[in-house]
Amino acid sequence: FSKGNLISFDWLCTQIGWPFSPPETILDLVHLEAVHDVFDIYLWLSYRFSDMFPDVNIVREVQTELDKVIEEGVVHIVDLIKNRENKFSLGVSDVDEDEFDMK
């Protein structure tokens, strides 16, 4: 943007990891909410700099799609928390205490 380049939907997709998949952990859900905020910023900037942010309609459509994915994650939030706990406990259980060296 600062170099005078358009901020297209294609460029935005490379930055946010579109298409989205349903969240598997609570951290995935938090990430999707952050992406939603990026879309809000894009749309806000498009009102002020419409020539630099031209893909308003598609961003709105994808944001609506993202809303549905986030809603699905919120509906299953207990499962997401359990997945996070399971991944954490699996990572801890794989550590062999004998492998730690004193420094």
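Keep in mind it's a predicted model, so treat the numbers as computed, not measured.

A. Highlighting the nonpolar core. Of all hydrophobic cores here, the largest spans 21 residues; its most connected members are F20, F39, Y42, V59 and L66. Looking at this core, the elements that each hand over two or more residues are α1 (9–16), α2 (26–48) and α3 (56–75). Apart from the residues within four sequence positions on either side, V59 is in contact with F9, L12, F39, Y42 and L43.

B. Inspection of α2 at higher detail. In a regular helix each residue adds 1.5 Å, so 23 residues correspond to 33 Å; α2 covers 34 Å between its end C-alpha atoms and thus fits that length. Of the residues making up α2, those classed as buried are L29, L32, V35, H36, F39, Y42, L43, L45 and S46.

C. Highlighting a nonpolar patch on the surface. Nonpolar side chains collect at one region of the surface, where I77, V78 and I81 lie side by side and expose about 230 Å² of accessible area between them. Mapped onto the fold, I77 is located in helix α4 (residues 77–93). A residue is classified by how much of its surface remains accessible, and I77, at 32% relative accessible area, is partly exposed.

D. Structural view of the environment of D28. Examined against the element boundaries, D28 turns out to sit in helix α2. Judged by its relative accessible area of 32%, D28 is partly exposed. In sequence terms D28 and G73 are 45 residues apart; their C-alpha atoms lie 9.0 Å from each other. In terms of polar contacts, D28 uses its side chain to reach the backbone amide nitrogen of E24, at 3.0 Å.

E. Here's a closer look at the side chain of Q63. In this fold, Q63 is placed in helix α3. Residue classification places Q63 among the buried residues on the basis of a relative accessible area of 9%. Filtering out sequence-adjacent residues up to four positions away, Q63 remains in contact with H36, F39, D40 and L43.

Criteria and thresholds
- Residues numbered from 1 in each chain as written.
- Predicted model: local features only at pLDDT ≥ 70, side-chain atom pairs only at ≥ 80, totals over all residues.
- Heavy atoms only, no water.
- Core = buried A, V, L, I, M, F, W, Y, C linked by side-chain atoms within 4.5 Å.
- Buried < 20%, exposed > 50% of the residue type's maximum accessible area, 1.4 Å probe, protein only.
- Helix = DSSP H or I, 4+ residues; strand = E, 2+ residues; numbered from the N terminus.
- Contact = heavy atoms within 4.5 Å.
- Expected span 1.5 Å × (residues − 1).
- Patch = residues over 30% accessible without salt bridge, like charges linked within 9 Å, V, L, I, M, F, W, Y side chains within 5 Å.
- Areas by Shrake-Rupley, 256 points an atom, 1.4 Å probe, with all protein chains shown as cover.
- Salt bridge = Lys/Arg side-chain N within 4 Å of Asp/Glu carboxyl O.
- Polar contact = N/O pair within 3.5 Å; in protein donor to acceptor, adjacent residues only side chain to side chain.

That's the geometry; what it means functionally is another story.
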